[in-house]
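For reference, the chains in residue letters:
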Amino acid sequence: MLMNRVETALINSAPRRWLQRWYEVPWLRRLGGSLQPDARVLEIGCGPGYGTGLILQHFGAARVDALDLDPTMIARTRRRLADYGDRVHLHTGDAADLRTSISADDASYDAVFDFAIIHHIPNWRDAIAEVARVLRPGGRFYFDEVTARALARPTYRILFDHPTNDRFAAEQFRAELDRHNLHVGDRWLTPLGGDYVIGVAHRNAQARSPRPRTCLR
Ligand SMILES: C[S@@+](CC[C@H](N)C(=O)[O-])C[C@H]1O[C@@H](n2cnc3c(N)ncnc32)[C@H](O)[C@@H]1O
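## Examining the pairing of strand 2 (residues 63–68)
Part 1: With 5 of its 6 residues buried, strand 2 lies for the most part within the structure.
Part 2: Relative to strand 2, strand 1 (residues 40–44) runs parallel, the two sharing 5 bridges. Residue E43 lies in a different strand from strand 2, and its bridge partner there is A66.
Part 3: Following the backbone out of strand 1, through helix 3 (residues 50–58) and into the adjacent parallel strand 2, one traces a crossover that is right-handed.
Part 4: Pairing of strand 2 with strand 3 (residues 88–92), which is carried by 5 bridges, proceeds in the parallel orientation. If you follow A66 over to strand 3, its bridge partner there is L90.
Part 5: Considered for its hand, the β-α-β crossover made up of strand 2, helix 4 (residues 71–80) and strand 3 is right-handed.

## Describing the pattern of salt bridges
Part 1: In the structure shown here, the tally under the stated rule is 13 salt bridges.
Part 2: Linking E24 and R16 is a salt bridge whose minimum nitrogen-to-oxygen distance equals 2.7 Å.
Part 3: A salt bridge links D195 to R153; its shortest N-O distance comes to 2.7 Å. Here R153 lies in the loop between helix 7 (148–151) and helix 8 (154–159) and D195 lies in the loop between helix 10 (191–194) and strand 8 (196–203), a separation of 42 residues in the sequence.
Part 4: Residue D195 is classed as buried on the basis of its relative accessible area, which comes to 5%.
Part 5: Bridged by salt links that share partners, the residues R99, D106, E130 and R133 form one connected network.

## Brief notes about the environment of D97
Part 1: Counting through the fold element by element, D97 comes out in the loop between strand 3 and helix 5 (98–102).
Part 2: Overall, D97 belongs to the partly exposed group, its relative accessible area being 31%.
Part 3: On a C-alpha basis, the gap between D97 and A129 in space is 9.4 Å, while along the polypeptide they are 32 residues apart.

About the cut-offs
- Residues numbered from 1 in each chain as written.
- Predicted model: local features only at pLDDT ≥ 70, side-chain atom pairs only at ≥ 80, totals over all residues.
- Heavy atoms only, no water.
- Buried < 20%, exposed > 50% of the residue type's maximum accessible area, 1.4 Å probe, protein only.
- Helix = DSSP H or I, 4+ residues; strand = E, 2+ residues; numbered from the N terminus.
- Pairing = 2+ DSSP bridges.
- Right-handed = clockwise from strand over helix to strand, strands pointing away.
- Salt bridge = Lys/Arg side-chain N within 4 Å of Asp/Glu carboxyl O.

This is the structure in C-alpha cells:
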C-alpha cells in the first residue's frame, strides 16, 4: 500500500534520516555485521533512497537492487544516488512478487534489507516468502519493522494509511521468518515495548538430500 501525503513528508524528513543513520543502521550492523566486498544486495521498499545510500556506505555492498511500489520514490532515489552509477539498480514493483517485479532468481542475493516496508504490504507473508526465496543459503535478512501494536495507536491510525487486517506482533513476524528458514536467534530487539522490531535473520543452508547409496561388489 502506498504512503499518504503525511507519511511521505515524514519519510522525506531530516528526523527520519537521522533515525535511520544513527539508530537503525548501528543496530543492524551490531546484530548482523557488514557484508563481503562483492555482496549483492536487494532493498525492498527503498522509499526516497536514503537507506539505500546507507547500505552502500555502511555495510559495504558492492551492488544494491532497490525496489519500490511507488514510481515517484524510485525517481527520488535515482536523483539521490546518481553518483553511485552501476552500483545501484532501481525497479518499480511489488516486494511480494519479486519474480514479476525484478525477475529475481532463487538464491540470487547475499542480503535483503527491509527498512519499515513489510507492514505496508497486505499479504506480508508473501513478502517474507519472497525474501527467503531470493536469499542464498547463509544470506542475511536485515529488518526494521512496525508492529500491530504501533499501527493501533491513534497517531498511526489518524495520520497514516496502512492495511488494517492481519498485522503482526514482533513474535509473529519472527515466527513467520522461522517458517521460511530465516533464523533470528537472539539477533533482535523490540524497541518501545514492542512497537517496533529490529533484527537480522540468517538463511539456513538447505538440508541436503541424502546421497544415494552405491553398492560396489
Ligand atoms: C514507510 S516507507 C519506508 C521507506 C524507506 N524504506 C525508509 O525507511 O525511509 C514504505 C515504503 O514501502 C513502499 N511500498 C509499499 N508497499 C510496497 C510493496 N508491496 N512493494 C514495494 N514497496 C512497497 C512505499 O511506496 C514506501 O516507499
